Amino acid sequence: MVTVSADNMTGVTFMITQVIYSINALTVSGITVHDKTYDGTDSAVIDMSNAVLNWVAEGDDVSLSVDYASGTFDNKNAGQNKPVTISGLTLTGEDADKYQLNFVTGVTGNINPKGIVVTAVARSKVYGDGESCLWLHSEYGRFGRQWHQDYFIIPPLKILQVR
């Protein structure tokens, strides 16, 4: 930008020898995240099919490359509307060096809790034989500190009165 001011400027000529342009910041919209069931990781499955590059000047050759795009939840815990960080986006095209891609914000997704199936193990019990534990079986769910198909023993529960 050139600013010139004076009271009387008749007969003055200016020659501009260098044009400095500023890098324009672009944003991306239309990124969606698929809901997932808790799996112990923070990885997110993103959908870039509706991604749009915003604020490109008319006539400039700039495109968004999503070949290496990936998404990561803020942590691995279950929750709704969890922030997702998008990385791996790049600008391509003849005019790409005139632009910079802003950090993508506002992308969220859900990690739904993983359900577990717990069934009692069929075992016979003779009253007073010393073993007073309840045996349970969980199929690929998290119960205690196990994360695979396993058997669990629950310490005895004291029943005060049965009616």
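Above: the structure in question.
This section reports on the structure supplied with the text.

So, about the sheet that holds strand β12 (residues 108-112). With respect to topology, five strands assemble into an open sheet ordered β3-β12-β9-β8-β4, the strand pairing being mixed. Pairing within the sheet leaves two strands with one partner each, and these edge strands are β3 (36-37) and β4 (43-44). Summarising the sheet, strand β9 (residues 79-87) and β12 pair through three bridges and their orientation is antiparallel. Pairing of K82 across the sheet is with G109, part of β12.

Another point: the side chain of K82. Mapped onto the elements, K82 comes out in strand β9. A distance of 2.6 Å separates a polar atom in the side chain of K82 from a polar atom in the side chain of N75. If near-sequence neighbours (up to four positions away) are discounted, K82 is found in contact with F73, D74, N75, N77, V107, T108, G109 and I111.

I31, V33, V84, I86, L89, V104 and V107 are the most contacted members of the largest nonpolar core, which has 18 residues in total. Counting only elements with at least two residues in this core, the list comes to β1 (24-29) and β9. In this structure V84 touches V33, A44, G71, T72, F73, V107, T108 and G109, once residues within four positions along its chain are discounted.

Attention shifts here to unusual backbone geometry. The residue W55 is not glycine, and still its phi comes out positive at about 80°. In this structure, W55 sits in the loop between β6 (52-54) and β7 (63-65). Take W55: its relative accessible area is 67%, and that puts it in the exposed class. Here N81, not a glycine, exhibits a phi torsion of approximately 50°, which is positive. Mapped onto the fold, N81 is located in strand β9.

Another point: the pairing of β12. Two faces belong to every sheet, and in a regular strand the side chains alternate between them. Of the pairings in the sheet, the one linking β3 to β12 comprises two bridges and is parallel in character. Bridging across to β12, K36 finds its partner in I111.

Definitions and cut-offs
Residues numbered from 1 in each chain as written. Predicted model: local features only at pLDDT ≥ 70, side-chain atom pairs only at ≥ 80, totals over all residues. Heavy atoms only, no water. Pairing = 2+ DSSP bridges. Helix = DSSP H or I, 4+ residues; strand = E, 2+ residues; numbered from the N terminus. Polar contact = N/O pair within 3.5 Å; in protein donor to acceptor, adjacent residues only side chain to side chain. Contact = heavy atoms within 4.5 Å. Core = buried A, V, L, I, M, F, W, Y, C linked by side-chain atoms within 4.5 Å. Buried < 20%, exposed > 50% of the residue type's maximum accessible area, 1.4 Å probe, protein only.

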